[in-house]
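One-letter residues, chain by chain:
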There are 2 protein chains.
Amino acid sequence: MFRIIKKHSKSKARLGLITTSHGVIHTPAFFPVATKATVKTLTPEDIKKIGFEAILSNTYHLYLQPGHKIIKKLGGLHKFMNWQGPVATDSGGFQVFSLGFGLEHKVGKIMKWGQSPKNGDCPHKTKLAKVDNNGVNFTSHIDGSLHRFTPESSIKIQEDLGADIIFAFDECTSPLADYDYTKKSMERTHQWAKRCLRVKNNNHQLLFGIVQGGLFKDLRQESARFIGSLPFDGFGIGGSFGKKEMKQALNWIIPYLPENKPRHLLGIGYLNDVKEAIKLGIDLFDCVYPTRLARHGVFLTNQGELNIIKSGYKTDKKPIMKNCSCYVCQNYTRAYLHHLFKAKEILGHRLATFHNLWFMFQYMDKIRKNIKDNEEI
Amino acid sequence: MFRIIKKHSKSKARLGLITTSHGVIHTPAFFPVATKATVKTLTPEDIKKIGFEAILSNTYHLYLQPGHKIIKKLGGLHKFMNWQGPVATDSGGFQVFSLGFGLEHKVGKIMKWGQSPKNGDCPHKTKLAKVDNNGVNFTSHIDGSLHRFTPESSIKIQEDLGADIIFAFDECTSPLADYDYTKKSMERTHQWAKRCLRVKNNNHQLLFGIVQGGLFKDLRQESARFIGSLPFDGFGIGGSFGKKEMKQALNWIIPYLPENKPRHLLGIGYLNDVKEAIKLGIDLFDCVYPTRLARHGVFLTNQGELNIIKSGYKTDKKPIMKNCSCYVCQNYTRAYLHHLFKAKEILGHRLATFHNLWFMFQYMDKIRKNIKDNEEI
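Draft legend 1. Structural view of the overall build of chain A. Helices and strands together make up the secondary structure of chain A, namely 14 helices and 16 strands. In terms of overall dimensions, chain A is globule-like: its C-alpha atoms have a radius of gyration of 20 Å, near the 21 Å expected for 377 residues. The dimensions of chain A, computed from C-alpha atoms along their principal axes, are 60 × 50 × 40 Å. For chain A, the residues scored as buried account for 55% of the 377 residues in total.

Draft legend 2. Spatial organisation of the relation of the copies chain A and chain B. Rotating chain A by 180 degrees and translating it 0.0 Å along the rotation axis places it on chain B, where the RMSD comes to 0.0 Å. This pairing of chains is accounted for by a two-fold axis. The position closest to the rotation axis in chain A is occupied by the C-alpha of A:Ile346, lying 3.8 Å away. Both copies contact each other with a shared surface, as 100% of the interface residues of chain A are interface residues in chain B too.

Draft legend 3. Main features of the sheet that holds strand β2 (residues 14-20) of chain A. All names here are of chain A. Pairing is antiparallel in the open sheet, where 3 strands are placed in the order β1-β2-β3. Edge positions in the open sheet fall to β1 (2-7) and β3 (23-27), since each of these has one partner strand only. With strand direction ignored, the average angle separating the axes of adjacent strands in the sheet is 15 degrees. Examined bridge by bridge, β1 and β2 share 5 bridges and lie antiparallel to one another. When the bridges of β2 are listed, Phe2 appears paired with Ile18. Across the face of the sheet, helix α14 (residues 346-372) comes into contact with β1, β2 and β3 while running at roughly 120 degrees to β2.

Draft legend 4. Region of interest: helix α13 (residues 334-342) of chain B. Across the 9 residues that make up α13(B), a large majority, 8, are buried. Turning to α13(B), its buried residues number three or more, namely B:Arg334, B:Ala335, B:Tyr336, B:Leu337, B:His338, B:His339, B:Leu340 and B:Phe341. Buried residues along α13(B) sit in contact with α4 (77-81) of chain A together with α14 (346-372) of chain B. The positive-phi residue at the C-terminal boundary of α13(B) is B:Lys344, with phi of around 55 degrees.

Draft legend 5. Just the interface of chain A and chain B, in detail. Contacts between the two partners involve 31 residues from chain A, matched on the other side by 31 residues from chain B. Looking at the side of chain A that touches chain B, the elements that each hand over two or more residues are α3 (68-73), α4, α13 (334-342) and α14 of chain A. No other element matches α13(A), which puts 5 residues into the side of chain A that touches chain B. When its residues are assigned to classes, the side of chain A that touches chain B shows 13 nonpolar, 10 polar and 8 charged.

Draft legend 6. Representation of the domain arrangement of chain A within the structure. As assigned here, chain A comprises domain 1 (30-287) and domain 2 (294-361). Residues of the side of domain 1 of chain A that touches domain 2 of chain A, tallied by class, amount to 5 nonpolar, 2 polar and 2 charged.

Draft legend 7. Layout of the pairing of strand β12 (residues 234-237) of chain B. Residues and elements named next belong to chain B. Residue alternation in β12 divides its side chains into two sets, Gly234 and Gly236 and Phe235 and Ile237, and both sets are buried. Pairing of strand β11 (residues 206-211) with β12, which is carried by 4 bridges, proceeds in the parallel orientation. Its bridge partner lying in β12, Gly209 is registered against Phe235. For the crossover from β12 across helix α9 (residues 243-253) to strand β13 (residues 263-265), the handedness is right-handed.

Draft legend 8. Spatial organisation of the environment of A:Leu250. All names here are of chain A. You can see Leu250 is positioned in helix α9 (residues 243-253). Considered as a pair, Leu250 and Ile237 are 13 residues apart in the sequence and their alpha carbons are 8.5 Å apart. Beyond its immediate sequence surroundings of up to four residues, Leu250 is in contact with Ala277, Leu280 and Ile282.

Draft legend 9. Molecular detail of the sheet that holds strand β8 (residues 135-139) of chain A. All names here are of chain A. Pairing is antiparallel in the open sheet, where 3 strands are placed in the order β7-β8-β9. The sheet is open, and its two borders are formed by β7 (129-132) and β9 (146-149), each paired with just one other strand. Strand-to-strand, the axes of this sheet are offset by a mean angle of 20 degrees, without reference to chain direction. The sheet contact formed by β7 and β8 spans 4 bridges and is antiparallel. Its bridge partner lying in β8, Val131 is registered against Val136.

Draft legend 10. Structural detail: the packing of helix α7 (residues 179-199) of chain B against helix α8 (residues 217-229) of chain B. All names here are of chain B. Two elements in contact, α7 and α8, have axes separated by 11 Å at closest approach and are oriented at 5 degrees. By the criterion of interaxial angle, the relationship of α7 to α8 is roughly parallel. Contacts between α7 and α8 involve Thr182, Lys183, Met186, His190 and Ala193 from the former and Leu219, Ser223, Phe226 and Ile227 from the latter. Counted by class, the contact of α7 with α8 contains 5 nonpolar, 3 polar and 1 charged residues.

Draft legend 11. Here's a closer look at the nonpolar core. One finds A:Phe31, A:Ile55, B:Phe31 and B:Ile55 to be the most contacted residues of the largest nonpolar core, which totals 224 residues. Leave out the neighbours within four places in its chain, and A:Ile55 touches A:Phe31, A:Pro32, A:Ala34, A:Val39, A:Ile47, A:Trp83 and A:Val87.

Draft legend 12. Region of interest: α8(B). Residue and element names in this part refer to chain B. Under the 1.5 Å per step criterion, the end-to-end length of α8 is 18 Å for 13 residues, consistent within 8% with the ideal 18 Å. When α8 is considered as a whole, its buried residues turn out to be Leu219, Arg220, Glu222, Ser223, Ala224 and Ile227. Where α8 is buried, its residues touch α7, β11, β12 and α9.

Draft legend 13. View of the confidence of the model for chain A. Residue and element names in this part refer to chain A. Confidence in the prediction of chain A, expressed as mean pLDDT, is 92, and 93% of residues score 70 or more. Predicted confidence for residues 106-126 stays below pLDDT 50, and this span has 23 contacts to residues more than four positions away or in other chains. With a pTM of 0.94, the predicted complex shows an ipTM of 0.94.

Draft legend 14. Looking closely at the pairing of β3(A). All names here are of chain A. By the bridge criterion, 5 bridges tie β2 to β3 in an arrangement that is antiparallel. Residue pairing for β3: Thr20 is matched across the bridge by Gly23. Between β2 and the antiparallel strand that follows it, β3, lie 2 residues.

Draft legend 15. A look at unusual backbone geometry. In this structure, the amide linkage connecting A:Thr27 to the following residue, A:Pro28, adopts the cis form with an omega of 0 degrees. Note on placement: A:Pro28 falls in the loop between β3 and β4 (29-31). Phi is positive for A:Asn374, close to 55 degrees, though the residue is something other than glycine. Inspection of the secondary structure puts A:Asn374 in the segment after α14. With a phi angle near 65 degrees, B:Ala37 is a residue other than glycine that sits in the positive phi range. For B:Ala37, the position within the fold is in the loop between β4 (29-32) and α1 (44-50). The exposure class of B:Ala37 is buried, given the 27 C-beta atoms found within 10 Å.

Definitions and limits used
- Residues numbered from 1 in each chain as written.
- Chains lettered and ligands numbered in written order.
- Predicted model: local features only at pLDDT ≥ 70, side-chain atom pairs only at ≥ 80, totals over all residues.
- Helix = DSSP H or I, 4+ residues; strand = E, 2+ residues; numbered from the N terminus.
- Rg over C-alpha atoms; globule rule 2.2 N^0.38 Å.
- Buried ≥ 20, exposed ≤ 12 C-beta atoms within 10 Å, placed from the backbone.
- Least-squares fit on C-alpha atoms with pLDDT ≥ 70 in both.
- Contact = placed C-beta atoms within 7 Å.
- Pairing = 2+ DSSP bridges.
- Axes fitted to C-alpha atoms, helices over the stretch in contact; angles between N-to-C directions.
- Nonpolar A, V, L, I, M, F, W, Y, C, P; charged D, E, K, R; others polar.
- Domains from an automatic or database assignment.
- Right-handed = clockwise from strand over helix to strand, strands pointing away.
- Parallel < 35°, antiparallel > 145°, perpendicular 65-115°, else oblique.
- Core = buried A, V, L, I, M, F, W, Y, C linked by C-beta atoms within 7 Å.
- Expected span 1.5 Å × (residues − 1).
- pLDDT = per-residue confidence, 0-100.

Laid out in structure tokens, this is it:
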């Protein structure tokens, strides 16, 4: 399922190949996020044209809308959304718990980009998730209805969705949780990991276990050792942490993970974080960063982020990025893109998403090339 | 500039060819509307792939945002929006006046599709346009700023935009206006038509005059005779009328228009209206109907309009339309499109717009074929 093609001589990075029922994934790879069975604004053909081999969808969102049973009835996620390549689905745990602790502690990975709830901003008055040893009760963010996920139901839902890579159900703890809670939660995640392995039924799906343990060295090591010892097809690293903490955590964790299995750093996508994590031995990433930025009019460039809404671009005839060979940079000026965003035209979102994912793919491609050529990453 | 290729033996329809600086237009033709220099959600490549040769943009909207001077500075509308084919721009008159009478009388072509302002719904407390013999003062719907259009400024703006087909500035009267006002307004439009011809400077642009006269036979005939006698390159028929009134008005008008010049029925796009108008000798159409419907989840089919948001489509594996060869019908189920609209995913708007314009192009293509083959239209 996973083959290491080459190891980088200057870091712990590796070039690999994951084989799935729907094709191969060259690693290190970034998965564009198709939260609700669509990479927002783009078609599967667009994603393919950009170069991506695989995408990641969110179990939590698809479970709520349209529902995994409907997707199963319609032939599974690939057929439903007309994407023929590999798909990963997360376990739903991150969304369920980040709705919980995000609202409690005002933190969370999905709130990094300007969504942190301020006093009075939050539409939900109470915590949305309540965990017990057997699973978690949660409230739908759509209509307030009550639901329950267990390790068994998460796997069942992911089987119905039919993704090629699925994840064990875990409790994603708040970075503000104390040692005792984080330890208790980690142990629960370990028990859940075993339960997920036990109920997994479909041999066409690769099941990844998830390492937790918060910001505590001994817990991260213990979790990596425990999860790493289980017969998973690969490993996710969960949690919510800052840039510095991320490197530290990866240094603690990776030595305990088996060399010959792929490692997915969940929800991370800032360019530098991706690069640093690859150097430490991470193979897979998924993040809404490039697509979410796009919808806010922010374009990724090799000079940094470019906010096209700024009035300075009103008559700027240049493309977003010099030497970018993407469709957007080849055909449109900053002035036109500025106009689209000012006029709230959907085409602006579409073109920005296309460019940002193109940029992201090129960024990853360069890293893969550098590993291959033993150049600095 | 306009050549009639064939006349239909069973009606007054004709097959024609308009030659512009940016290519030819096979008539009868429908122009997708690119209000603010974009056919909402689609790229120029999409429009071309569907088959359309020409589009229409709105002078009023582009004048306000980003401004004609900016578009001129950026090389004109074609270059600005990356559309290499023919472009038409309207005169701005319709929007300016429909903002006026639409708010006064609660009617207007642009309010046909669920936008009619109800008591309390309308953000504007006062009439937005005030006409005098020399031009019209109006208030921007965007920021309430004050502006003035005259026949001369409308032509100047359209020259700056650089469209291939431009329209004379006219007063579009409310269908509820009385005989005296409609007559006075029509006479003003006639004077403005002469002024537009006088100031028109650019020989690469085709200038179309506009026939007004409301719902009054003698006024429509007088207007058609007067405008038809002026050296315009083609003719627009303006006004706001119901289905029955439209046929009647065309029967009054068309005998007075020169045979060898193209005739554009402004703002009309319902399928049957288009067909009836072609049979009476109309060559050109523009309308937001297919694209606006799309954004509301309504797909055009040969069985009528299909509202994909209805819950009956939740698990429907069929394409929108049997035997439709468009990208959407070839690749997606009604269930997926239903999901996209329920989940408020932009891709839904994009796919619906693509299908509806595809349907519209095929509809026109069939009519052109029928004229060519002397079959019933």
